[in-house]
Amino acid sequence: MTEGITLVLGGGGFKGVAHIGVLRALQAGGVPIERVVGTSAGALIGASYCYLGDAEAMHRLVLEFLASEGFRAHSLIGFRRQPGKIPLMSRLMHGIRRQVMLERIFRRSSAFGSSALRFIAKSMVPHADIGDLRVPLSICVLDLLRGEDLLLSEGDLRQAVIASSSVPGFFPPVEWGDTLLCDAGLVNNLPANMARAEGARRIVAVDLSDSLPPCRSDAVGMEFLLRVQEITTRLANRRCATDADVVVVPQLDGRHWLDTTRLTDVIDEGERATREQLPQIRALLSTPVERRAI
């Protein structure tokens with residue numbers, strides 16, 4: 001039996017649909033996947049793929065979800081920057097929404113609550129145990145009580161995906177046994193190092209932090225804080241990527257993680273970026289592990 005790759009899917013909010021294109025390109029190219037390790041959006045897409053075992057079936061599922069009334073009803077309002085001049089009424093409404101979000105962040109456990117995230121997870125992830133999937137899956141989370149990142153390889157699949165996607169400040173953390181879990185993005189958004197430590201030998205990682213969104217000089221303090229988080233994640237991804245053998249980096253032009261526009265273009269870019277790396281991935285598969293420096 002041909003050994004496959006361990007596919008590490010990084011986080012990135014709605015940019016995570018690029019992982020669908022990655023999986024389609026790998027499947028079309030005949031690249032076997034023996035394990036998936038995902039964080040946040042990578043955990044969500046990875047969970048759907050590992051349950052179905054087929055990239056095309058997952059692609060159809062996601063497209064149907066994105067076109068649904070439920071998805072539009074649960075749209076999230078973010079700190080998306082709008083280029084150029086903004087009409088007065090739009091500026092006023094944007095300011096009101098931003099103020100509401102700031103008050104929620106400082107007065108409550110999260111800005112959005114859990115309903116939208118749970119709806120997305122329920123629509124795309126089955127009620128199953130992580131250990132029972134067609135393709136083995138590990139989900140990276142941050143343990144808020146113990147102060148460490150860890151991989152979940154068993155337990156409630158849907159709950160683990162929600163925990164891994166619970167961005168601090170935006171979504172509330174998730175109780176898991178005797179601890180409290182959230183998105184590990186600021187600590188380990190591309191857990192190739194954890195995959196390697198658990199014995200993965202051929203690692204292909206997908207980094208969604210190719211470039212940063214624009215930054216306005218008149219931004220408020222919270223927006224600068226979010227900017228620092230974006231930079232921190234990007235730099236952390238660069239460090240984590242050194243543990244991968246091949247890194248796929250879709251070019252997403254500074255897209256913000258809450259941007260829900262033109263998502264089919266994001267899927268296409270994930271596919272294009274992966275096809276570009278297929279020669280390196282095939283070379284990785286054909287090279288005996290014991291002859292490679294790890």
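Keep in mind that this is a model prediction, so the values were computed, not measured.

Cut-offs applied
Residues numbered from 1 in each chain as written. Predicted model: local features only at pLDDT ≥ 70, side-chain atom pairs only at ≥ 80, totals over all residues. Heavy atoms only, no water. Helix = DSSP H or I, 4+ residues; strand = E, 2+ residues; numbered from the N terminus. Buried < 20%, exposed > 50% of the residue type's maximum accessible area, 1.4 Å probe, protein only. Contact = heavy atoms within 4.5 Å. Areas by Shrake-Rupley, 256 points an atom, 1.4 Å probe, with all protein chains shown as cover. Pairing = 2+ DSSP bridges. Polar contact = N/O pair within 3.5 Å; in protein donor to acceptor, adjacent residues only side chain to side chain. Phe/Tyr/Trp six-rings, centres within 6.5 Å; stacked < 30°, edge-to-face > 60°. Lys NZ or Arg CZ within 6 Å of the ring centre and 35° of its normal. Core = buried A, V, L, I, M, F, W, Y, C linked by side-chain atoms within 4.5 Å. Salt bridge = Lys/Arg side-chain N within 4 Å of Asp/Glu carboxyl O. Axes fitted to C-alpha atoms, helices over the stretch in contact; angles between N-to-C directions. Parallel < 35°, antiparallel > 145°, perpendicular 65-115°, else oblique. Left-handed = near helix turned anticlockwise from the far one by under 90°. Nonpolar A, V, L, I, M, F, W, Y, C, P; charged D, E, K, R; others polar. pLDDT = per-residue confidence, 0-100.

**Notes on the overall build of the protein**
The secondary structure content of the protein amounts to 11 helices and 8 strands. Put simply, the protein has 294 residues, and 54% of those count as buried. At a minimum sequence separation of 6, the contacts of the protein that also span at least 24 residues come to 76%. Total accessible area on the protein is roughly 13600 Å²; 54% of this is exposed by carbon and sulfur atoms.

**Looking at the pairing of strand β4 (residues 148-152)**
Taken together, the 5 bridges between strand β3 (residues 137-143) and β4 define a ladder with antiparallel strand orientation. Within β4, the position partnered with leucine 142 by the bridge is aspartate 149. Between the antiparallel neighbours β3 and β4 lie 4 residues, among them glycine 147 with a positive phi of about 70°.

**A short note on the environment of arginine 35**
With respect to the helices, strands and loops of the structure, arginine 35 is situated in strand β2 (residues 33-39). Residue arginine 35 is classed as buried on the basis of its relative accessible area, which comes to 14%. Within the structure, the side chain of arginine 35 is placed 2.6 Å from the side chain of serine 138, a separation counted as a polar contact.

**Side note on the packing of aromatic side chains**
Within a pair of aromatic rings, the relevant descriptors are the distance that separates the centres and the angle that separates the planes. One pass over the structure, following the stated rule, counts 1 aromatic pair. Cation over ring: arginine 134 sits above tyrosine 51, and NZ or CZ is 6.0 Å from the ring centre.

**Let's talk about the nonpolar core**
Leu7 and Leu157 are the most contacted members of the largest nonpolar core, which has 66 residues in total. Aside from chain neighbours lying at most four places away, what touches leucine 7 is Val22, Leu23, Leu26, Ile33, Arg35, Val36, Val37, Val204 and Val206. With 17 residues, the next largest nonpolar core counts Val37, Cys182, Cys240 and Ala241 among its residues.

**Re the pattern of salt bridges**
Following the criterion strictly, the structure yields 14 salt bridges and no others. Between arginine 35 and glutamate 198 there is a salt bridge, and its shortest N-O distance comes to 2.7 Å. Residue arginine 35 is located in strand β2, and its partner glutamate 198 is located in the loop between α9 (192-197) and β7 (203-206); the two are separated by 163 residues in the primary sequence. Across the pair glutamate 271 and arginine 275 runs a salt bridge, and its minimum N-O distance is 3.6 Å. Of the two residues, glutamate 271 and arginine 275 are both situated in helix α11 (residues 263-286); the distance of 4 residues between them amounts to about one turn of the helix. Judged by its relative accessible area of 18%, glutamate 271 falls in the buried class. Through salt bridges with shared partners, one network takes in Arg24, Glu56, Glu271 and Arg275.

**Here we look at the packing of helix α1 (residues 18-28) against α11**
The N-to-C vectors of α1 and α11 enclose an angle of 40°; their axes lie 7 Å apart at closest approach. The angle between the axes of α1 and α11 places the two elements in the oblique class. Handedness of the α1/α11 crossing: right-handed. Across from Ala18, Ile20, Gly21, Val22, Arg24, Ala25 and Leu26 in α1, the residues of α11 making contact are Val266, Ile267, Gly270, Glu271, Thr274, Arg275, Leu278 and Ile281. A breakdown of the residues in the contact of α1 with α11 according to their chemical character gives 9 nonpolar, 3 polar and 3 charged.

**Some details on the pairing of strand β6 (residues 179-182)**
Strand direction decides the pairing type here: β3 and β6, joined by 2 bridges, are antiparallel. Bridging from a neighbouring strand, leucine 142 pairs with cysteine 182 of β6. Strand direction decides the pairing type here: strand β5 (residues 174-176) and β6, joined by 3 bridges, are antiparallel. Opposite valine 174, over in β6, you have leucine 181 as the bridge partner. Between β5 and β6, which pair antiparallel and follow one another directly, the connecting turn spans 2 residues, one of which, glycine 177, has a positive phi of 65°.

**What about the confidence of the model for the protein?**
Of the residues in the protein, 81% have a pLDDT of 70 or more, and the chain-wide mean is 84. Across the protein, element-level confidence peaks in α1 with a mean pLDDT of 98 and bottoms out in helix α5 (residues 88-107) with 48.

**A short note on α1**
Of all 11 residues in α1, 9 are buried, a share of seventy percent or more. By the burial criterion, the buried members of α1 are Ala18, His19, Ile20, Gly21, Val22, Leu23, Arg24, Ala25 and Leu26. In this structure, the buried side of α1 is in contact with β1 (5-9), β2, α2 (41-52), α3 (55-66), β7 and α11. Just past α1, the residue glycine 30 takes up positive phi, approximately 75°.

**What about unusual backbone geometry?**
At serine 40, a residue that is not glycine, the phi angle is positive and equals roughly 55°. For serine 40, a relative accessible area of 7% translates into the label buried. Look at arginine 262: it is not a glycine, yet its phi comes out positive at around 50°. Turning to its location among the elements, arginine 262 is positioned in the loop between β8 (246-248) and α11.

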